[in-house]
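What the coordinates show
In case you want the letters, here they are:
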Amino acid sequence: MQFAIRSFLPRASVTSVAGRHASLGVNAYVQATSPIRRYQDLIAHYQIMRYIRDEPLLGGEEIMNLILESDRKSRDSSHFERETQKYWTTKYMESRVGKTFKSGICEKKTNNSYLVLIEDLGIYAMARLGNSTLGTNSGIGAAAGSRTARRALNVGETCAVEVSAADARQNTLVFIVR
């Protein structure tokens, strides 16, 4: 349920002036935490120190340029972190092909695919409805076999998810809802 609610909230935006915070429901919001954690917080602390010292403050355009550059570097870093996490998760799963994990349905994507939370691993993954005669086609890793009728699953429902295929070098990780 929390995943469904979170997916409807607007993305955060950063500007040089206080603005509305959608999930808190307030019209003006400013965030400044430890400057060790985020460069944008360092900018906020820098402005506060300049104000306390009665020094000229950075202009809105200068702040926005710093924020945009910081955002770009942060996105690049987050992308690298996600790809590294995905690689090592897939590497871990290579030795667990055929193993089943308890999962929860977070979101229905298509008629036969779901976003699931694999509870034991604490990861979100796409999984498709499986069948009892899963096999491979010519050794290339394609799922084959006759599809059996399965009922649709609901958000919040628990299910078993099987690791069907995993290859870190090929960036392939396939889960089947059983």
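Everything here concerns the structure above.
Residues numbered from 1 in each chain as written. Predicted model: local features only at pLDDT ≥ 70, side-chain atom pairs only at ≥ 80, totals over all residues. Heavy atoms only, no water.

What follows covers the overall build of the protein. In terms of helices and strands, the protein carries 3 helices and 9 strands. Sequence-ordered secondary structure for the protein, helices as α and strands as β, is α-β-β-α-α-β-β-β-β-β-β-β. A total of 178 residues make up the protein; the buried ones form 22% of that total. Counting contacts in the protein only where the partners sit at least 6 residues apart, residues at least 24 apart contribute 44% of the total. Total accessible area on the protein is roughly 12,500 Å²; 54% of this is exposed by carbon and sulfur atoms. (Helix = DSSP H or I, 4+ residues; strand = E, 2+ residues; numbered from the N terminus. Buried < 20%, exposed > 50% of the residue type's maximum accessible area, 1.4 Å probe, protein only. Contact = heavy atoms within 4.5 Å. Areas by Shrake-Rupley, 256 points an atom, 1.4 Å probe, with all protein chains shown as cover.)

Looking now at helix α2 (residues 39-52). Given a rise of 1.5 Å per residue, 14 residues ought to cover 20 Å, and the 20 Å separating the end C-alpha atoms of α2 matches this to within 8%. Listing the buried residues of α2 in full gives Q40, D41, I43, Q47 and R50. Each element contacted by the buried residues of α2 is listed here: α3 (60-94). Following α2 by one or two positions, D54 adopts a phi angle in the positive range, close to 60°. (Expected span 1.5 Å × (residues − 1).)

Turning our attention to the pairing of strand β3 (residues 100-110). Along any regular strand, the residues point their side chains to alternate faces of the sheet. Pairing between β3 and strand β8 (residues 158-167): 5 bridges, direction antiparallel. Within β8, the residue paired with F101 across the bridge is V161. The pairing of β3 with strand β4 (residues 113-118) spans 6 bridges and is classified as antiparallel. Looking across to β4, one finds that E107 is bridged to L115. (Pairing = 2+ DSSP bridges.)

We now examine a nonpolar patch on the surface. On the surface, a nonpolar cluster with roughly 540 Å² of combined accessible area is contributed by I48, M49, Y51, I52 and L57. Mapping L57 onto the fold places it in the loop between α2 and α3. Its relative accessible area of 46% is what places L57 among the partly exposed residues. (Patch = residues over 30% accessible without salt bridge, like charges linked within 9 Å, V, L, I, M, F, W, Y side chains within 5 Å. Salt bridge = Lys/Arg side-chain N within 4 Å of Asp/Glu carboxyl O.)

Turning to the environment of T158, a few remarks are in order. In this fold, T158 is placed in strand β8. Residue classification places T158 among the partly exposed positions, given a relative accessible area of 49%. With 40 residues separating them along the chain, T158 and I118 place their C-alpha atoms 9.8 Å apart.

Any functional reading would require information beyond the geometric quantities listed.
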